[in-house]
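Descriptive structure summary
This is what each chain is made of:
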Amino acid sequence: MAASMASAAGGLRRAIRRSPLWGGPSRRPLSSQPPPAQATAVRDAFLSFFRDRHGHRLVPSASVRPRGDPSLLFVNAGMNQFKPIFLGTVNPRSEMAGFRRVANSQKCVRAGGRHNDLEDVGRDLSHHTFFEMLGNWAFGGEYFKEEACSMAWELLTQVYGIPKDRLWVSYFGGDPKAGLDPDLESRDIWLNLGVHASHVLSFGPQENFWEMGDTGPCGPCTEIHYDLAGRVGAPQLVELWNLVFIQHNRETDGSLQPLPQRHVDTGMGLERLVAVLQGTPSTYDTDLFSPLLKAIHQGCGAPPYLGQVGAADEGRTDMAYRVVADHIRTLSVCIADGVYPGMSGAPLVLRRILRRAVRFSTEVLRAPPGFLGSLVPVVVEILGDAYPELQKHSAQIVSLVSEEEAAFLASLQRGRRIIDQTLRCLGPSELFPAEVAWSLSLSGNLGLPLDLVELMLEEKGVQLDSAGLAQLAQEEAKLRSRQAEPVQKQGLQLNVHALGELQRRGVPPTDDSPKYNYSLRPSGGYEFNPCEAQVLQLYLEDGTAVASVGKGQHCGLLLDKTNFYAEQGGQASDRGYLVRVGQEDVLFPVARAQICGGFILHEAVAPEGLKVGDQVQLHVDEAWRLGCMEKHTATHLLNWALLQALGPGTEQRGSHLNPERLRFDVATQAPLTPEQLQAVEGIVQEAVGQDEAVYMEEVALAHTAHVPGLRSLDEVYPDPVRVVSVGVPVARALDPASQAALQTSVELCCGTHLLRTGAVGDLVIIGERQLTKGTVRLLAVTGEQAQQAREVGQSLAQEVEAATERLSQGSQDVVEAHRLSKDMGRLTDAVDTAVMPQWQRRELQAALKVLQRRANTAVRKLELGQVLVKVVRQLCERAPGTSVLLLSPQPRGHVLCACQVAQSAMPAFTAEAWALAVCSHMGGKAWGSQVVAQGTGTTADLEAALSTARTYALDQL
């Protein structure tokens with residue numbers, strides 16, 4: 001019988017590990033009771049329970065945009081905002097430091113990064129990119145295992161009315177390798193609460209030991225599971241609630257040390273709980289999603305949602321329903337919290353989510369254009385009361401979603417045609433070419449996320465060349481690292497003989513004026529027009545001029561005109577693609593454009609043949625170009641701000657920019673101070689905040705010769721020359737009488753720029769180094785990256801402030817003092833390497849240098865005090881019944897004190913009182929017990945201190 005029970009338990013453990021949350025539409029209802037509460041009531045009941053019955057403070061959900069935590073793309077758990085408490089870095093004077101027991105419903109996004117559910121969404125009935133995490137916390141030992149388990153059991157069984165026999169629990173079964181015993185305390189708590197012994201299971205560290213990361217706070221957890229089967233057949237368990245007991249710290253050497261303070265951290269997904277309480281086949285059948293599914297059906301005219309998965313889901317219609325419903329929730333919540341579709345990091349993930357939703361809504365559900373935006377009000381109706389920011393920003397969310405959808409639709413249609421054409425050329429077992437997939441992807445030209453391309457191929461039963469794709473990704477990374485610096489004779493070049501031949505033939509220089517042919521939409525987005533051109537000459541990789549190139553060849557294209565920006569003036573080259581006119585479904589990826597003697601050479605790969613005389617249409621990579629425009633306008637503002645902050649002795653010595661960041665070399669009379677760096681950023685922020693117009697115009701070079709304040713480099717400019725003026729029309733800026741160029745940024749520049757300064761968003765100088773005496777190189781980021789840099793800086797400043805407060809409070813424990821000293825080292829490393837404002841970095845580095853010295857001194861004092869205490873104990877052991885006090889002089893007049901009082905002399909005479917009397921005489925403090933005590937003070941007269949010690953002892957004895 002015992003063996004049978006053990007075997008059954010083992011099978012159940014394996015089933016829990018591998019079973020999907022909701023496998024299909026078959027589900028037994030919870031009970032025959034009245035209709036279940038709506039999701040809003042379930043959320044409210046959770047919060048009211050912990051506030052009203054158990055005295056918890058309700059705190060608002062944090063934004064899904066992590067504040068000052070570069071390790072996260074999105075907030076993905078309820079505990080994220082409380083990490084300073086767990087890590088011991090919370091400022092003792094902050095509001096958070098006073099938190100003892102709190103509860104909330106936290107908005108969470110799991111897409112991209114370590115926790116990524118994006119590619120699973122839609123395939124099953126349970127995964128989501130956005131979900132709500134209900135949680136309660138107890139900090140600093142406010143309560144621990146017994147209270148946490150009792151509250152959870154009370155809420156689930158008494159408030160929500162879940163039958164007890166449908167609930168199972170798991171606990172930590174120990175880890176002999178780590179020297180951790182089983183958490184029998186949790187097991188016994190559950191048994192005492194009435195959970196049947198057969199419903200209490202133990203698991204190892206993989207399932208029931210929670211860790212924040214490779215290092216840091218951690219501890220065993222106990223999970224509450226719900227049985228979907230309801231006593232019919234084998235149990236089908238899904239995790240409902242996870243209760244984590246944080247009681248250890250994972251050190252850098254991998255060892256576990258007990259934490260001085262213990263915490264409780266619990267999390268329960270609202271969507272899953274509501275599905276259980278409403279007795280629905282899946283989370284998508286709850287009232288958190290059913291209004292959305294209904295709106296999708298009405299807006300698309302697709303067949304009704306049936307909740308099917310896998311082969312039963314004909315045409316993947318139900319998968320599309322789930323993808324669109326999930327993704328529009330995520331998009332709405334993220335945009336309301338200030339995360340917008342963009343080029344990198346979380347914004348790039350959000351753009352992937354949006355484009356995935358567009359693809360499923362248009363191609364599978366056959367939705368009309370603009371459909372996604374129409375779903376936003378439904379999301380606001382469902383979630384707006386709980387999260388008012390959705391109501392506040394609903395119009396902006398609709399606008400952004402609709403604009404992004406419209407911009408992507410044309411690319412999606414072209415991408416589909418390219419995939420179909422490529423498939424027609426493949427053999428039965430051939431892999432889909434990595435080059436084509438890459439050219440379609442977000443890293444390539446059309447902006448189709450790679451996971452979406454792979455999914456579209458999967459629907460056709462075709463596999464992607466994953467190895468080839470990985471190689472292309474490596475090449476892309478290398479290219480980006482090279483493009484952090486100006487191109488120096490890189491790639492294809494037109495040599496002197498090739499240039500001479502073109503001139504002999506009378507070929508005119510390339511007309512690149514179409515690169516300035518872009519405009520600002522009323523919504524604030526940019527529209528970049530394609531450019532039609534003729535192939536004048538083709539070149540092989542060795543520079544040989546040819547009349548045609550074949551499939552797969554790397555080549556250089558010389559055209560009569562182009563809208564590509566060729567690298568010059570410190571701005572990185574454009575990239576993008578071209579197609580032959582009349583054959584728009586074959587993309588020729590263009591990696592870069594270079595200028596050679598007035599001719600612009602486009603470096604491309606030919607997927608098919610191309611010949612001289614072909615008519616082509618060029619498309620720039622819009623996101624890449626826009627990133628360069630943002631950085632170039634920011635460079636001009638930075639140049640102007642440096643002049644204003646540092647004075648007329650400041651001169652630009654060079655710059656380089658790409659979509660990631662900008663580099664600016666400046667000659668200064670003295671090194672920049674933190675105050676000057678901060679002032680420069682403030683001037684840029686002011687110009688950005690005013691959202692001034694950027695004027696650009698070509699004028700005769702002679703008209704720029706004597707304009708006061710006009711900024712230019714020591715180089716040869718063309719005639720006519722392009723002038724870029726911020727906030728002032730070019731004609732007025734060049735009028736010597738107006739003095740306008742002394743009041744704003746006016747420069748000679750051939751680069752591409754924003755049309756208004758507001759799109760820069762923000763600028764943060766994140767690094768500086770001296771190139772030569774008197775010349776400093778500054779590194780800066782803009783927009784979302786700048787905002788993140790400021791948040792990281794603010795977070796680190798708060799950590800330094802908290803560390804200062806902890807150090808000021810002092811510690812009498814050597815272990816705690818060592819931990820504080822290590823924290824100073826960790827903070828110093830973080831400040832040294834973080835992407836943060838440089839002015840703030842230098843201020844924090846100076847503060848940490850002082851703090852580290854103080855922390856190290858405190859450790860030495862405590863260690864010396866321990867040695868002194870040890871000597872005192874040895875002396876007392878040699879002379880039983882003797883009371884001993886020792887003083888040890890230290891540098892700069894500091895004195896350490898240690899004493900031990902014989903048992904026979906107590907309670908009239910105690911060690912703590914004796915040490916206090918002596919240390920108070922020296923202006924210091926003391927601590928300890930009746931038997932042993934120690935302290936510190938400052939005096940130059942040790943004899944007087946010893947006299948005080950003798951006098952006090954004799955008086956007491």
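Owing to the predicted nature of the structure, the values given are computational and were not obtained by experimental measurement.

Some words on helix α4 (residues 145-159)
- Given a rise of 1.5 Å per residue, 15 residues ought to cover 21 Å, and the 20 Å separating the end C-alpha atoms of α4 matches this to within 8%.
- Residues of α4 that are buried: Lys145, Ala148, Cys149, Met151, Ala152, Trp153, Glu154, Leu155, Leu156 and Thr157.
- Once α4 ends, the next one or two residues include glycine 161, with phi positive near 70°.

Quick word on the state of the cysteines
- Applying the stated rule across the entire model yields 0 disulfides.
- Of the cysteine sulfurs around cysteine 425, a residue in no disulfide, the closest is that of cysteine 555, at 19 Å.

Comments concerning the nonpolar core
- In terms of nonpolar packing, the biggest core is built from 124 residues, with Leu156, Trp241 and Phe432 touching the most fellow members.
- A per-element tally of this core places helix α9 (residues 317-336) first, with 12 residues.
- Leaving out residues up to four positions away in the same chain, tryptophan 241 has contacts with Phe46, Phe50, Asn136, Ala152, Leu155, Leu156, Thr222, Glu223, Ile224, Thr266, Gly267 and Met268.
- Of all hydrophobic cores here, the second largest spans 54 residues; its members include Val546, Met629, Val688 and Leu778.

Points about unusual backbone geometry
- The amide bond that connects aspartate 719 to the next residue, proline 720, takes the cis arrangement and shows omega of 10°.
- Secondary-structure assignment places proline 720 in the loop between β23 (694-699) and β24 (721-726).
- Residue proline 907 is reached from methionine 906 by a cis peptide bond, and omega for that bond is 10°.
- Counting through the fold element by element, proline 907 comes out in the loop between β29 (894-900) and α24 (911-921).
- In this structure, arginine 366 is a non-glycine residue whose phi angle is positive, near 60°.
- Of note, arginine 366 is situated in the loop between α10 (345-364) and α11 (371-383).
- Although it is not a glycine, glutamine 739 sits at a positive phi angle of roughly 60°.
- Within the secondary structure, glutamine 739 is located in the loop between α20 (730-733) and β25 (746-748).

Focus: the confidence of the model for the protein
- Put simply, the protein has an average pLDDT of 89, and 94% of its residues get 70 or more.
- Contacts for the low-pLDDT stretch residues 11-20, under 50 throughout, to residues beyond four places or in other chains number 14 contacts.

A few points about the sheet that holds β24
- Spatial strand order, β23-β24-β25: 3 strands in an open sheet with antiparallel pairing. Here the strands that pair on one side only, and so sit at the sheet edges, are β23 and β25. Averaged over all pairs of adjacent strands, the angle between their axes in this sheet comes to 20°, without regard to strand direction.
- For β23 and β24, the ladder comprises 6 bridges, and the chain directions are antiparallel. Pairing of tyrosine 695 across the sheet is with serine 725, part of β24.

As for empty space enclosed by the protein
- Under the defined criterion, the tally for this structure stands at 3 cavities of 30 Å³ or more.
- The computed volume of the largest cavity comes to approximately 40 Å³.
- Pro514, Lys515, Asn517, Phe528, Asn529, Asn563, Val620 and Arg625 are the residues that line the largest cavity.
- The residue makeup of the lining of the largest cavity, split by class, is 3 nonpolar, 3 polar and 2 charged.

About the cut-offs
Residues numbered from 1 in each chain as written. Predicted model: local features only at pLDDT ≥ 70, side-chain atom pairs only at ≥ 80, totals over all residues. Heavy atoms only, no water. Helix = DSSP H or I, 4+ residues; strand = E, 2+ residues; numbered from the N terminus. Expected span 1.5 Å × (residues − 1). Buried < 20%, exposed > 50% of the residue type's maximum accessible area, 1.4 Å probe, protein only. Disulfide = S-S within 2.5 Å. Core = buried A, V, L, I, M, F, W, Y, C linked by side-chain atoms within 4.5 Å. Contact = heavy atoms within 4.5 Å. pLDDT = per-residue confidence, 0-100. Pairing = 2+ DSSP bridges. Axes fitted to C-alpha atoms, helices over the stretch in contact; angles between N-to-C directions. 1 Å grid on protein atoms, 1.4 Å probe; cavity = no way out; pocket = protein on both sides within 12 Å on 5 of 7 lines; lining within 4 Å. Points joined across faces, edges and corners; volume = space filled by probe spheres on them. Nonpolar A, V, L, I, M, F, W, Y, C, P; charged D, E, K, R; others polar.

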